[in-house]
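Chains, contacts and geometry: an overview
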Amino acid sequence: MATLKEELKGKIISVLNLEDIDVADIQDSDPLFGDGLGLDSIDALELIVLLDKEYGIKLSDPKQGKAIFQSIQTMADYIEANRTK
Amino acid sequence: MNEKYYITRSVIIQDNTIFLNGKMLFTTSVSGFLPFAKQAFQNLQIDYPKFYKMDALSKLAFLSAEYLLQNKAQKEDIALVLANASGSLDTDVKHQKSIQDKDHFYPSPATFVYTLANICAGEIAIRHQLQTEQAFFVFDRYPSDLMKNYADYLLDSQKATQVVCGWVEYFQEKYKAVLYLVGQVGETAHTETHINELFK
Amino acid sequence: MASGVAITGIGMISSIGKNVEENLQSLLAERHGISRVENFHTRQKETIMVGEIKLSNAALIRQLSLPEDNNFTRTALLGACAAKEALASANIQDMQAYRTGLISSTSVGGMDFTERHFYAYLEDSTLHKYITSHDAGDSSHKIAAYLGLQGLVTTISTACSSAANAIMLGARMIRSGKLDRAIVGGTDALSKFTINGFNTLMILSDTYCQPFDQNRKGLNLGEAAAYLVLESDELVKKDNKKVLAYLSGYGNANDAFHQTASSEDGEGAFLAMQKAFRMAGLAPQDIDYINVHGTATPNNDLSEGRAMMRLFGNQVPEFSSTKAFTGHTLAAAAAIEAVYSILALQYQTVFANLHFATPMEEFQLQPQTKTKRQAIQHVLSNSFGFGGNCSTLIFSKA
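Note that the coordinates shown come from a computational prediction; the quantities given were computed from them, not determined experimentally.

Describing helix α4 (residues 72–82) of chain A
Residue and element names in this part refer to chain A.
- Turning to α4, its buried residues are Ile-72, Met-75, Ala-76 and Ile-79. All buried residues of α4 lie within an arc of 95 degrees about the axis, which places them on one face of the element.
- Where α4 is buried, its residues touch α1 (2–15), α2 (41–55) and α3 (65–68).

Below you can see the structure in the form of structure tokens.
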């Protein structure tokens with residue numbers, strides 16, 4: 001689980017072009033949206049593509065993303081439970 | 001239409017160099033547009049992380065407008081009229097590649113969003129909160145006569161008090177941006193001749 | 001200044017008709033043109049619905065009597081069909097008689113052929129003629145050449161509001177005396193590029209779209225082309241032209257909120273509508289029908305609804321989205337809907353907002369769900385594009 005979380009942080013930084021942020025800057029329970037990393041709706045869609053591309057998880061409804069992408073922890077939990085890759 | 005308007009400021013970005021009103025303001029020895037753009041952005045020292053998510057065309061447009069409108073107090077009622085030759089082709093190609101590979105089929109929403117020529121104008125609008133009129137033309141070279149008439153019209157009809165006009169062209173590392181501000185007070189008259197001089 | 005800029009000709013092709021008359025009959029019969037993609041293969045074939053024109057490129061080429069070695073892409077073919085009809089409708093015999101311009105719009109350009117032949121270009125040189133057809137501007141020049149037009153040709157690219165901006169520019173050029181006549185509008189063909197792009201934004205519906213419905217799931221893409229012929233007052237008088245309707249007001253504003261989403265309170269939409277009113281010298285209560293942008297995405301309909309309520313208060317006039325008939329035809333949308341607005345004035349009819357069942361919970365607005373005859377003097381048409389580009393057109397009875 002720890003490696004998955006570190007891996008996620010790295011992937012998010014590169015996929016979402018978070019230029020000035022390091023893996024060390026993201027805490028597991030920091031909110032990703034809103035005040036945290038300040039991600040927006042397009043970022044949410046990119047994360048949906050990430051889930052599919054890297055972990056083989058397909059989401060059909062973008063609204064599901066809200067709960068899954070709350071933090072690195074919630075993302076990692078969801079991936080562990082549902083990954084097919 | 002006897003109103004006289006003026007080109008009050010201009011920014012030119014090409015060959016990894018930025019000129020403001022004809023004087024070199026910033027240059028760098030790195031090669032490639034993206035490294036240059038990053039340095040030019042950092043040079044501005046503004047807090048706007050969304051810059052890094054933009055495609056190359058939008059970064060070019062954003063930087064041009066940022067250097068042009070820096071320290072500008074009054075930004076309401078500034079209209080925006082841009083043109084280029086390639087539309088959003090550079091990003092179109094990236095999106096196309098991502099849907100061409102049957103085995104690795106992962107189109108990116110962040111890329112697709114930039115596959116329209118006018119999104120770069122939208123980025124400028126968001127940054128400077130310009131809720132005025134905007135247009136984007138696709139033309140093989142800068143249509144000075146059309147742009148002059150359009151800007152004059154916007155000012156005459158009081159749809160805007162100033163107009164940012166210009167050319168923002170980017171395709172596979174070949175780029176050029178010429179942005180100028182047209183307003184009521186200044187020294188260089190807003191004429192086709194003066195506009196064309198910016199493109200020499 | 002008279003009541004607006006005169007519109008003397010209209011032409012169109014969409015999934016509900018090959019020309020204006022067929023479109024009108026489909027609207028009146030409440031017969032939509034939404035189906036699965038049939039003209040080409042896409043991996044989204046089973047999951048999306050589109051407003052596809054059931055005519056092959058070969059059929060369009062025959063209809064236009066183009067030579068075999070042409071390099072028209074579908075966007076240009078559709079555009080040429082619609083523009084040709086518009087000219088005939090305006091009874092224009094001699095293109096060189098007056099200063100005439102073409103202001104067209106597109107978002108797809110020649111992308112439909114580029115995506116088809118991208119890799120084949122390396123092997124098959126007979127396909128190279130399509131390389132130059134890729135640019136957005138090329139379709140406009142092809143249409144101009146087909147019509148025999150030698151005047152101004154330009155292309156506007158502001159996404160889904162493009163054609164409205166083309167119409168606005170044409171009107172301004174006539175009003176300022178730069179042109180005597182303007183052929184204005186837009187054209188877009190379906191392509192994998194757009195289908196996959198919109199799909200990745202997760203705003204496509206897997207069924208018939210439901211504008212302004214609580215359970216709307218997204219939009220149906222469509223392909224179409226439509227053009228208006230605008231003429232100066234002098235020309236209308238001189239040639240005793242029949243005026244179909246007047247373009248009495250228009251406005252453009254930017255939402256300045258997000259690259260693709262609309263702001264919560266619909267500021268850009270509100271400002272565009274406000275500007276159009278000011279220009280037309282009309283008040284909100286003068287509008288009898290609104291042809292809304294109404295793409296049926298969760299975001300647009302909410303934002304647009306809020307903007308309408310801010311402007312009209314409790315007295316929002318009858319409104320409907322015709323995108324449930326044609327799909328969202330992108331750069332052509334505003335031109336298609338301009339023609340529908342003109343038809344609404346000519347036939348004193350509000351067209352139906354199909355597939356509506358449940359009002360949105362956020363407000364009391366309900367679209368007109370049936371084709372309805374009523375007195376209509378002024379129609380307002382909205383078109384909002386990615387990049388926050390919001391445009392409004394007001395048409396008035398001739």
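Quick look at the interface of chain C and chain B
- On the chain B side, the residues contacting the 35 residues of chain C number 35 residues.
- A per-class count over the side of chain C that touches chain B returns 11 nonpolar, 19 polar and five charged.
- As judged from the two bridges shared by strand β5 (residues 134–138) of chain B and strand β5 (residues 153–156) of chain C, these two strands associate in the antiparallel manner. Note on β5(C): the bridge partner recorded for B:Val138 is C:Thr155.

Quick word on the packing of helix α2 (residues 56–69) of chain B against helix α5 (residues 119–128) of chain B
Residue and element names in this part refer to chain B.
- Put simply, α2 and α5 touch, their axes get as near as 8 Å, and they point 40 degrees apart. Taken as axis vectors, α2 and α5 run oblique relative to one another. The way α2 lies across α5 gives a crossing that is right-handed. Within the contact between the two elements, α2 uses Leu-57, Ser-58, Ala-61, Phe-62, Ala-65 and Leu-69 and α5 uses Ile-119, Cys-120, Ala-121, Glu-123, Ile-124, Arg-127 and His-128.
- The class makeup of the residues in the contact of α2 with α5 is nine nonpolar, two polar and two charged.

Considerations on helix α10 (residues 298–312) of chain C
All names here are of chain C.
- For α10, with 15 residues, the first-to-last C-alpha span of 21 Å sits near the 21 Å given by 1.5 Å per residue.
- The set of residues buried in α10 consists of Asn-300, Asp-301, Ser-303, Glu-304, Gly-305, Arg-306, Ala-307 and Met-308.
- Positive backbone phi, at 60 degrees, marks Gly-313, one or two positions downstream of α10.

Side note on the interface of chain C and chain A
- In this assembly, four residues from chain C lie in contact with four residues from chain A.
- Tallied by class, the residues present in the side of chain C that touches chain A amount to three nonpolar, one polar and no charged.

Some details on the nonpolar core
- Among the nonpolar cores identified, the biggest contains 212 residues, and B:Val163, C:Ile167, C:Leu228, C:Leu230 and C:Val339 are the most heavily contacted of them.
- Broken down by element, this core gets its largest block of residues, 11 residues, from helix α12 (residues 333–347) of chain C.
- Among the domains, domain 1 (5–238) and domain 2 (250–397) of chain C are the pair contributing at least three residues each to this core.
- When near neighbours in sequence (up to four residues on either side) are disregarded, C:Leu230 contacts C:Val5, C:Ala6, C:Ile7, C:Gly170, C:Ala171, C:Ile174, C:Arg181, C:Ala182, C:Val184 and C:Leu247.

Overview of the sheet that holds strand β7 (residues 221–222) of chain C
All names here are of chain C.
- Taken together, three strands build an open sheet; the order of strands is β2-β3-β7 and the sheet is mixed. Strands at the two margins of the open sheet, each flanked by one partner only, are β2 (34–35) and β7.
- Bridge count between strand β3 (residues 50–51) and β7: two bridges; the pairing is parallel. If you follow Val-50 over to β7, its bridge partner there is Leu-221.

Quick look at unusual backbone geometry
Residues and elements named next belong to chain C.
- A positive phi angle is found at Asn-91, which is not glycine, with a value near 55 degrees.
- Assignment of secondary structure puts Asn-91 in the loop between α3 (74–89) and β4 (100–105).
- A tally of 12 C-beta atoms within 10 Å means that Asn-91 is categorised as exposed.
- Positioned with a positive phi, Gln-348 is a non-glycine residue whose angle comes to about 50 degrees.
- Relative to the elements of secondary structure, Gln-348 occurs in the loop between α12 and β12 (349–350).

Thresholds applied
- Residues numbered from 1 in each chain as written.
- Chains lettered and ligands numbered in written order.
- Predicted model: local features only at pLDDT ≥ 70, side-chain atom pairs only at ≥ 80, totals over all residues.
- Buried ≥ 20, exposed ≤ 12 C-beta atoms within 10 Å, placed from the backbone.
- Helix = DSSP H or I, 4+ residues; strand = E, 2+ residues; numbered from the N terminus.
- Arc of directions from axis to C-beta.
- Contact = placed C-beta atoms within 7 Å.
- Nonpolar A, V, L, I, M, F, W, Y, C, P; charged D, E, K, R; others polar.
- Pairing = 2+ DSSP bridges.
- Axes fitted to C-alpha atoms, helices over the stretch in contact; angles between N-to-C directions.
- Parallel < 35°, antiparallel > 145°, perpendicular 65-115°, else oblique.
- Left-handed = near helix turned anticlockwise from the far one by under 90°.
- Expected span 1.5 Å × (residues − 1).
- Core = buried A, V, L, I, M, F, W, Y, C linked by C-beta atoms within 7 Å.
- Domains from an automatic or database assignment.

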